[in-house]
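# An overview of the molecular structure
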Amino acid sequence: MLMKKNIGLYLHIPFCISKCRYCDFLSKANQTSYFEPYVQALVKEIQAYGELLISYEVDSVFIGGGTPTILPIPLLEKILFELYRNFTIIPTAEITIEANPGTLSKIQLQRLNEININRLSIGLQAYQDSLLQKLGRGHRLEQFLENYAAARAVGFNNISIDLMFGLPEQKLEHWEETLSQIITLNPEHLSCYSLIIEEGTPFHILWDKNQLQLPTEDETLYMYRKCISMLTQAGYEHYEISNFAKRQKESKHNLKYWTGQEYIGLGVGAHSFFEQQRYNNIENIKQYIEKSHHLQKIQINHQMITLKESYEETMFLGLRLIDGVSMDVFYERFQKKIEDVYGIVLNKMVDQELLKIEQNKVKLTSKGLEVGNLVFEQFLLE
């Protein structure tokens, strides 16, 4: 009997209470009239994939957005029911839902736990209400603390918290307070991202007008270093550039992206990597709802991954991991030594102390971590 291959599922829920000032994700506020038709369309897409994934078993599900917890529980139940009805989901699968503290309650958390969601990813971003307000977040610290306590009370034992640094008017002491307070809560996982000013966002408009008071590059770098030192001292493993986890609590789903494993994106605008192809769904919600039962009508930008692109992705995604890229795994995948493809680049990066080779793995150094994107660019082949 053939062994089933593993695959991850990402489900995109494009709704939120209000749009944060830094956000360029595919999400819309004040769209309650679309909730039900959108979930019906998502169900049709799930059903259409059921046959296609007959030889796969699902070991991770990530429900992201937007703010998925804005959906009423019966609609979330419907999505989970269809996933279990159409796919082989293994008993130990990691099933994550993203949540905004402004959309949670104890009753809702209880129901989420009951429908097999076993990992919460809560977007806090900052510990100070003044900063949350500047970001346009739809919650305050008190709501987060209440929700976190409620999640623990109903039985969630795998909680991730998202934090951001380099925020407008954020001081070093704000960031240190955020980290020290979150450490006392002892979540299993933390994602700590530097703010990026994305085009088309309200923050970009302010930045363009020189009306956004951001920390200096040196201050932002200090915040990143402080994050690494405080979290590792508190017992978190720094396993990816921006991610920290307690033992064996790494995000199984996100590891798929960084290690080149297959995943299917369901919902408007969602991206997939399946059978050596990358593609994404259309980004128009109305069109998605109308066409979701025809996979070929909602999928666009199909691209077969070439050998050159496979080399590149293996390196610049794999190097995001602190454990780096295994030279043995590279050889198994391509039947070629990593130094035969990237020898000149490796020597140059090692000489500049941006990369190191340890235990037959290519890894970023501490210095390399701080300029990761510059290192990754070196692995784009001519």
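Please refer to the structure placed before this passage.
What counts and how
Residues numbered from 1 in each chain as written. Predicted model: local features only at pLDDT ≥ 70, side-chain atom pairs only at ≥ 80, totals over all residues. Heavy atoms only, no water. Pairing = 2+ DSSP bridges. Helix = DSSP H or I, 4+ residues; strand = E, 2+ residues; numbered from the N terminus. Axes fitted to C-alpha atoms, helices over the stretch in contact; angles between N-to-C directions. Parallel < 35°, antiparallel > 145°, perpendicular 65-115°, else oblique. Left-handed = near helix turned anticlockwise from the far one by under 90°. Contact = heavy atoms within 4.5 Å. Nonpolar A, V, L, I, M, F, W, Y, C, P; charged D, E, K, R; others polar.

### Looking at the sheet that holds strand S15 (residues 325–326)
- In space, the 3 strands of this open sheet follow the order S15-S17-S16, with antiparallel pairing throughout. This sheet does not close on itself; its edge strands, each paired only once, are S15 and strand S16 (355–358).
- Pairing between S16 and strand S17 (residues 361–364): 4 bridges, direction antiparallel. Of the residues in S17, the one forming a bridge with Glu-358 is Lys-361.

### Digging into the pairing of strand S5 (residues 88–99)
- Of the pairings in the sheet, the one linking strand S4 (residues 56–65) to S5 comprises 6 bridges and is parallel in character. Within S5, the position partnered with Glu-57 by the bridge is Thr-88.
- As paired elements, S5 and strand S6 (residues 119–125) share 4 bridges and run parallel to each other. Opposite Ile-97, over in S6, you have Leu-120 as the bridge partner.

### Topic: the packing of helix H12 (residues 307–318) against helix H13 (residues 327–334)
- Running from N to C, H12 and H13 point in directions that differ by 160°, and their axes come no closer than 12 Å. Between H12 and H13, the interaxial angle falls into the category roughly antiparallel. Crossing of H12 against H13: the hand is right-handed. Contacts from Leu-307, Ser-310, Tyr-311, Thr-314 and Met-315 of H12 reach H13 at Phe-330, Arg-333 and Phe-334.
- Here the residues of the contact of H12 with H13 are counted per class, giving 5 nonpolar, 2 polar and 1 charged.

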